[in-house]
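An overview of the molecular structure
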Amino acid sequence: QVQLEESGGGSVQAGGSLRLSCSVSADTRSVICLNWFRQAPGKEREGVAGVAIPRGGSYYAASVKGRFAISQDNVKNTVYLQMNSLKPEDTAMYYCAAAVSAPCRWGDVRHSNYWGQGTQVTVSS
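Residues numbered from 1 in each chain as written. Predicted model: local features only at pLDDT ≥ 70, side-chain atom pairs only at ≥ 80, totals over all residues. Heavy atoms only, no water.

**Notes on the nonpolar core**
Within the largest apolar cluster, 28 residues are counted, with the highest numbers of intra-cluster contacts made by Leu 34, Trp 36, Val 79, Leu 81, Met 83 and Tyr 94. Contributions of two or more residues to this core are made by β1 (2-7), β3 (18-26), β4 (32-39), β5 (46-53), β7 (68-73), β8 (78-83), β9 (92-99) and β11 (119-124). (Core = buried A, V, L, I, M, F, W, Y, C linked by side-chain atoms within 4.5 Å. Buried < 20%, exposed > 50% of the residue type's maximum accessible area, 1.4 Å probe, protein only. Helix = DSSP H or I, 4+ residues; strand = E, 2+ residues; numbered from the N terminus.)

This is the structure we're talking about:
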């Protein structure tokens, strides 16, 4: 199974940056598909970015391309989401989620079997 824990959320002004971290603990050597999701009050949960662990493809939602970057440190067993040029519409609870399967179904909530508890990101104008 896979255990996930997010951190790094906070409050910033528009145009600022944050880096979210997802600590990954797994007892499988299979490829892990990890997605970042976000959900704002009254909105559907949506995919933000994804990456294959320990290596492979990645994806970004159109709304964050050019502003966000996903990466992984396999020594620290951590996946990062660097968020730059933040906008008020980026305000949401951010979750990392994982599935052990191939190929990765990017941004698919139902495909993700394991979830972290979430970390809040608030962007003010």
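**Brief notes about the layout of surface pockets**
With a probe scaled to a water molecule rolled over the atoms, the places where space remains empty come into view. Here the largest pocket defines a volume of roughly 240 Å³. If you go around the largest pocket, you meet 15 residues; those closest to its centre are Val 24, Ile 32, Ile 53, Asn 74 and Asn 77. At three residues, β3 tops the list of elements feeding residues into the lining of the largest pocket. The residue makeup of the lining of the largest pocket, split by class, is six nonpolar, seven polar and two charged. (1 Å grid on protein atoms, 1.4 Å probe; cavity = no way out; pocket = protein on both sides within 12 Å on 5 of 7 lines; lining within 4 Å. Points joined across faces, edges and corners; volume = space filled by probe spheres on them. Nonpolar A, V, L, I, M, F, W, Y, C, P; charged D, E, K, R; others polar.)

**Focus: the environment of Asn 113**
By secondary structure assignment, the location of Asn 113 is in the loop between β9 and β10 (114-115). The sequence separation of Asn 113 and Asn 84 amounts to 29 residues, and the corresponding C-alpha distance is 28 Å. Sequence-distant contacts of Asn 113, that is, excluding residues within four places in its chain, are made with Ala 98, Ala 99 and Val 100. (Contact = heavy atoms within 4.5 Å.)

**A closer look at the pattern of salt bridges**
Applying the stated criterion across every chain, the model contains three salt bridges. Measuring nitrogen to oxygen at the nearest pair gives 2.8 Å for the salt bridge that ties Arg 38 to Glu 46. We classify Glu 46 as partly exposed; its relative accessible area is 37%. Asp 90 serves as the salt-bridge partner of Arg 67, at 2.8 Å between the closest nitrogen and oxygen. Of this pair, Arg 67 sits in the loop between β6 (58-60) and β7 while Asp 90 sits in the loop between β8 and β9, and the two are 23 residues apart along the sequence. Assessed through its relative accessible area of 12%, Arg 67 is described here as buried. The exposure class of Asp 90 is buried, given its relative accessible area of 1%. Three or more residues are tied together by salt bridges with common partners; here these are Arg 38, Glu 46, Arg 67 and Asp 90. (Salt bridge = Lys/Arg side-chain N within 4 Å of Asp/Glu carboxyl O.)

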